[in-house]
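Residues per chain, in single letters:
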Amino acid sequence: MEHVGALGGSIEEIARAKSGVFKEGKVGVVGRQAEGVAEAVLLLEASEKRVKTYRVEAVVDFHVEEGAVVSVGEGREGNEGCQTRVQNGVTFRVPAELAGATFGDGATDENGDPDAGEPWEFDVQLSLVGKHQASNAATAIASAMALKNDSGYERISKASIVAGLERATLPGRFQVIDDVRLGGGGGEGDGEGGSGDGPGSKRVLTVVDGAHTRDSARCAAETVRQLFPDSKLAVVIAMASDKDHEGFCSEIQKARPNVVVFTETPIAGGRSRTAGPGALAGAWQVAKMKNRDIDRTWRCRELIQANVQSALAKARHELSGEAASEAAPSVILVTGSLHACEAAST
């Protein structure tokens, strides 16, 4: 957890501080909580303020498909950066009673009560990928229904909710910034591995994700293997000095990367808070010795580079020597800081 001191020092106190957004007699939405005690505090605070509460876990269910849909194009296109998108299929389901009350046509049953009709179930291709983002999308759906039912936004429709979800993007969160083919001798050379589309060329996606805590690292690791279970993986890590390096590395190790490259980047315009790559490599080793959740037969090459761009070049070179699946692209994941994402994107 971050900013613990500023928010109270415990999960209960943090939840109590966050509940300050609830206003007397208004409407509130409580998303899925990793900690039951946090949800209990939020619901109690809402009740004391007479807040009508939409508890997301009770009103929107979802199922995330395994595997990724890589769409729009290969290679660099146009003048606006990489056009490739990674998307995740998600099925959402709203119970019949709430769907009928929100989007019903006024029909009634034999007793004259509103007819609940059928549950609202729909499929969406989300560009915000991973189970944690599907959970966030479920919160957005509940919020839209709360606005329609209780805040006068009657024009909100099923179609507008679906369209909003499918158009939503978030830079720096599992964002594809490069899509190239390495090796194969089918095109002009590009770094040490060469690039082209000839026989033996390998598709490599470069993805940035600003994860910088243990929990967000867990989400990044789960997401990359949920979307690309069979892909060769290189991870580039650059972090601020005041983060939990060991905890972060422990979670990233669960993705079983083939290569990890430690590097550094300026934090907030300077280097006073920059973690050196040697410190990150040391944290990785300590985490690996303690980590009981990894296969002891797993092997990962550990490298150090001076900056993010040289780390990317090294990662590409290392992946060019890996035997890749024809069906699955190799993946470079740049993570540890939004500053690292920015450095990789420039």
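Fair warning: this is a prediction, and the values are worked out from it, not measured in the lab. (Residues numbered from 1 in each chain as written. Predicted model: local features only at pLDDT ≥ 70, side-chain atom pairs only at ≥ 80, totals over all residues. Heavy atoms only, no water.)

Enquirer: Describe the pattern of salt bridges, with residues and values.
Expert: As enumerated under the stated definition, the model contains 20 salt bridges in all. Here Lys-290 ties to Glu-246 by a salt bridge, and the two come within 3.0 Å at their closest N and O atoms. Pair noted here: Lys-290 is in helix H10 (residues 277-290) and Glu-246 is in helix H9 (residues 245-252), with a separation of 44 residues, a long-range link. Residue Lys-290 is classed as exposed on the basis of its relative accessible area, which comes to 54%. Its relative accessible area of 29% is what places Glu-246 among the partly exposed residues. Linked by salt bridges that have partners in common, Arg-214, Asp-215, Arg-218, Glu-251, Lys-254 and Asp-293 make up one network. (Salt bridge = Lys/Arg side-chain N within 4 Å of Asp/Glu carboxyl O. Helix = DSSP H or I, 4+ residues; strand = E, 2+ residues; numbered from the N terminus. Buried < 20%, exposed > 50% of the residue type's maximum accessible area, 1.4 Å probe, protein only.)

Enquirer: Break down helix H12 (residues 338-345) for me, with residues and values.
Expert: Along H12, the residues that are buried comprise Ala-340, Cys-341, Ala-343 and Ala-344. Here the buried residues of H12 occupy an arc of 165° about the axis, which is enough to place them on one side. Residues of H12 that are buried in the fold lie against strand S7 (175-182), strand S8 (202-209), helix H11 (308-320) and strand S12 (330-335). Residue Ser-337 occupies the N-cap position of H12, its side-chain oxygen lying 2.9 Å from the main-chain nitrogen of His-339. (Arc of directions from axis to C-beta. Contact = heavy atoms within 4.5 Å. Polar contact = N/O pair within 3.5 Å; in protein donor to acceptor, adjacent residues only side chain to side chain.)

Enquirer: I'd like a rundown of the nonpolar core, residues and numbers included.
Expert: A general feature of soluble globular proteins is that nonpolar side chains tend to end up buried together. Among the nonpolar cores identified, the biggest contains 35 residues, and Phe-174, Ile-237 and Trp-284 are the most heavily contacted of them. Of all elements in the fold, only S8, helix H8 (214-227), strand S9 (233-237), H9, strand S10 (259-262), H10 and S12 reach the threshold of two or more residues within this core. Not counting residues within four places of it along the chain, the set of residues in contact with Phe-174 comprises Val-129, Val-207, Val-208, Asp-209, Ala-220, Thr-223, Val-224, Leu-227, Phe-228 and Leu-333. (Core = buried A, V, L, I, M, F, W, Y, C linked by side-chain atoms within 4.5 Å.)

Enquirer: Which residues make up the packing of H11 against H12, and what values go with them?
Expert: Here H11 crosses H12 at 70°, and the two axes come no closer than 9 Å. By the angle class used here, H11 and H12 are roughly perpendicular. Taken together, the residues of H12 that come into contact with H11 (itself represented by Val-308, Gln-309 and Leu-312) are Ala-340, Ala-343 and Ala-344. Grouping the constituent residues of the contact of H11 with H12 by class yields five nonpolar, one polar and no charged. (Axes fitted to C-alpha atoms, helices over the stretch in contact; angles between N-to-C directions. Parallel < 35°, antiparallel > 145°, perpendicular 65-115°, else oblique. Nonpolar A, V, L, I, M, F, W, Y, C, P; charged D, E, K, R; others polar.)

Keep in mind that these numbers describe shape and distance, not what the molecule does.
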